[in-house]
Amino acid sequence: MMTRHRRLDLGCGKRLVRLLVTIGICLTTLVAGELLARAFLTSPSNKVFDPELNFVYLPGTTIFQTREGAQVSHVNSLGLVDREHDFAPDRKTLVVLGDSYTEALHVPFNERFTTRLDHYLKGYDVVNAARTGLHPATFTVVARRLTNIIPIDRFLLVISPGDRNDILRENLGIKTTPYGSPRLVLMTNKKVQKMRKWIEPFTSRSALANHLVYRYLPEVKSFYIKISRLLAMVEGQRQTGSGEKTGSGEKTGSGEKAGSGEKAQDSKDRFATLVLDISFSELRKIAPFDVLFIPNFKYTRKGTIAESEKSQHWEEIVRKTAGKYDARFISAGTELSFNYQEHKQPLNGFNNSGLFTGHFNPLGHAVLARSALKLIKSRQSISAKPVSH
């Protein structure tokens, strides 16, 4: 009997030891992963959930970016990735609104095109209020918040073809104000809000959790969307049947599908244009604005760059809509093309992520600065220092 109890005790003891060893290995792995993540990848998240903008940065924090290039950026007291501004009474304020192309976490601060503008323009504070994921509909949210904090004399809106896709992905609604004018409403998903609030305590304390969430969550969401669309397509085919006849007695063919696809595309363009129009209208009520357009382009074997047709289409929509509000418009495409033909150096991409693709590198930002300066100098009231090429 004693022997049996001893065997049971020994068996429990071994299992307890194995459990403790397993727990120790897991904890060691997590600690090592956390240290490596902080050393080489990122930091605990400095993002705070925001119902209108998805997230905002905590003022006074630091951002480590290693996906493209390797840079450290600092968040100022306004929650912007920019220097501190004193907003002296004798200086005007130019607020730049854009997405990750303008936020430019991949480029040293002094080489970002907004910083270059801040240096070139006399009598102006150039405030970089851009942030990853922003688009014209959310520009208005940022503008409304800033106008209660800082003086704003003019906006520079940096828009690209990606903004059209962001507008269509956003859950936007349009309501009429008491004055009869339309206004955009961001209708947030309560389930998504709940999930983000649950994740935030982990990402704000752990660099490893922050990296895993923001690196792989978009891929998981993309995979989920693809599977959902595939299942919906299969279900639709099951219900209609490949040879099912329509009410007119004719089989549905590719021509009808193509026609419906064109109608859907037109509908998306109309909605994106409406959102753009309302956004411009709301911004114009705060301050005048100008538009810098960054086209989508590809490098050709002839040593040139060519803008895509979809980019040209969206560029024309933005140009016409901006013209309704007396806004100056310029596309950076001409400067980008000229610079690449002359120097044959990639304007985007980094050594650790691949050249000729991704966000603009310092050379690309120098070109964007020249385009933006050309746009701003077209208004006679603004003077500027000469730009070094």
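> Please clarify how the packing of aromatic side chains should be interpreted in this entry.
What characterises a pair of aromatic rings is the spacing of the ring centres plus the angle enclosed by the ring planes. The tally for this structure, following the rule as stated, stands at ten aromatic pairs. Plain terms: the ring middles of Phe289 and Tyr325 are 6.4 Å apart, the flat faces sit at 40° to each other, and that makes the pair tilted. Of this pair, Phe289 sits in strand S10 (residues 289-293) while Tyr325 sits in the loop between helix H9 (309-323) and strand S13 (329-331), placing them 36 residues apart in sequence. Taking the centre distance of 4.8 Å and the plane angle of 65° together, the rings of Tyr299 and Tyr340 count as edge-to-face. Of the two residues, Tyr299 is situated in strand S11 (residues 297-299) and Tyr340 in helix H10 (residues 333-343); the sequence distance between them amounts to 41 residues. We note that Tyr299, like Tyr340, is buried. A connected cluster of aromatic rings, assembled from ring pairs, spans Tyr101, Phe297, Tyr299, Tyr340, Phe356 and Phe360.

> So what exactly am I meant to see when it comes to a nonpolar patch on the surface here?
Together, Leu16, Leu19, Leu20, Ile23, Leu27 and Leu30 make up a nonpolar patch on the protein surface, roughly 580 Å² of accessible area in all. For Leu20, the position within the fold is in helix H1 (residues 2-41). The class for Leu20 is exposed, based on a relative accessible area of 52%.

> Even after reading the chapter, I still don't get the nonpolar core, so can you show me in this structure?
When a protein is soluble and globular, its nonpolar side chains tend to lie buried together. Among the nonpolar cores identified, the biggest contains 40 residues, and Phe155, Leu157, Ile159 and Phe280 are the most heavily contacted of them. Elements with a minimum of two residues in this core: strand S5 (92-97), helix H4 (136-147), strand S7 (154-159), strand S9 (182-186), helix H8 (254-286), S10 and H9. Ignoring sequence-local partners within four residues, the contact set of Ile159 consists of Pro136, Phe139, Leu276, Phe280, Val291, Leu292, Phe293, Ile294, Trp314 and Val318. Ranked by size, the runner-up nonpolar core spans 27 residues in total, among them Val96, Leu117, Ile305 and Ala369.

> What exactly am I supposed to notice about the pairing of S9 here?
It is a general feature of regular strands that their side chains alternate between the two faces of the sheet. Where strand S8 (residues 172-176) meets S9, five bridges bridge the pair, whose relative direction is antiparallel. In the sheet register, Ile174 faces S9, and the bridge partner there is Leu184. Counting the residues that bridge the hairpin from S8 to S9 gives five residues, and of these Gly180 lies at a positive phi of roughly 90°.

> Would you mind going over helix H3 (residues 113-120) with me for this structure?
Counting along an α-helix, one turn takes 3.6 residues, and residues three or four places apart therefore face a common direction. Taking burial as the measure, the eight residues of H3 include seven buried ones, the bulk of the element. If you check which residues of H3 are buried, you get Phe113, Thr114, Thr115, Arg116, Leu117, Asp118 and Tyr120. Among the structural elements, S5, helix H2 (100-103), strand S6 (124-128), S7, S10 and helix H11 (362-377) are those in contact with the buried residues of H3.

> Can you help me understand the packing of H10 against H11 in this one?
Two measures define how a pair of helices packs: the angle their axes make with one another and the distance between the axes. Between H10 and H11, whose axes approach to 9 Å, the crossing angle comes to 135°. Between H10 and H11, the interaxial angle falls into the category oblique. Two packed elements cross with a definite hand, and for H10 against H11 that hand is right-handed. Together, Glu335, Leu336 and Asn339 of H10 and Leu363, Val367, Arg370, Ser371 and Lys374 of H11 make up the contact between the two elements.

> I keep staring at the environment of Leu184 and nothing clicks. Help me out?
Relative to the elements of secondary structure, Leu184 occurs in strand S9. Residue classification places Leu184 among the buried residues on the basis of a relative accessible area of 10%. Measuring from C-alpha to C-alpha, the distance between Leu184 and Ala137 comes to 7.1 Å, with 47 residues separating the pair along the chain. Residue contacts for Leu184: discarding those within four places in its chain leaves Ala137, Gly173, Ile174, Val275, Ile278, Ser279 and Glu282.

> Looking at this structure, how should I read unusual backbone geometry?
Residues other than glycine predominantly adopt negative phi, and peptide bonds predominantly adopt the trans conformation. Non-glycine residue Asn54 carries a positive phi angle of around 75°. Tracing the backbone shows Asn54 in strand S2 (residues 54-57).

> For this particular structure, what's the right way to read the environment of Ile376?
Structurally, the position occupied by Ile376 is in helix H11. Measuring from C-alpha to C-alpha, the distance between Ile376 and Leu117 comes to 9.7 Å, with 259 residues separating the pair along the chain.

> Looking at this structure, how should I read the confidence of the model for the protein?
Note that predicted coordinates carrying low pLDDT should not be read in detail. Here the protein averages 82 in pLDDT, while 76% of its residues score no lower than 70. Between residues 242-258, whose pLDDT stays under 50, and residues either more than four places distant or in other chains, the model counts seven contacts.

> Just checking my understanding: could you explain the sheet that holds S5 for this structure?
On the basis of which strands lie adjacent, the open sheet formed by five strands has the order S6-S5-S7-S10-S13 and parallel pairing. If you trace the sheet from one side to the other, it starts and ends with S6 and S13, each paired once. For this sheet, the mean inter-axis angle between neighbouring strands, taken without regard to orientation, is 20°. As defined by bridge partners, S5 adjoins S6 across five bridges and the pair is classed as parallel. Following the sheet pairing, Lys92 is matched in S6 by Tyr124. In the packing of H9 onto the sheet, the strands contacted are S7, S10 and S13, and the crossing angle to S10 comes to about 170°. Its contacts with the sheet place H11 against S5, S7, S10 and S13, and it is angled at close to 150° to S10.

About the criteria used
Residues numbered from 1 in each chain as written. Predicted model: local features only at pLDDT ≥ 70, side-chain atom pairs only at ≥ 80, totals over all residues. Heavy atoms only, no water. Phe/Tyr/Trp six-rings, centres within 6.5 Å; stacked < 30°, edge-to-face > 60°. Helix = DSSP H or I, 4+ residues; strand = E, 2+ residues; numbered from the N terminus. Buried < 20%, exposed > 50% of the residue type's maximum accessible area, 1.4 Å probe, protein only. Patch = residues over 30% accessible without salt bridge, like charges linked within 9 Å, V, L, I, M, F, W, Y side chains within 5 Å. Areas by Shrake-Rupley, 256 points an atom, 1.4 Å probe, with all protein chains shown as cover. Salt bridge = Lys/Arg side-chain N within 4 Å of Asp/Glu carboxyl O. Core = buried A, V, L, I, M, F, W, Y, C linked by side-chain atoms within 4.5 Å. Contact = heavy atoms within 4.5 Å. Pairing = 2+ DSSP bridges. Axes fitted to C-alpha atoms, helices over the stretch in contact; angles between N-to-C directions. Parallel < 35°, antiparallel > 145°, perpendicular 65-115°, else oblique. Left-handed = near helix turned anticlockwise from the far one by under 90°. pLDDT = per-residue confidence, 0-100.

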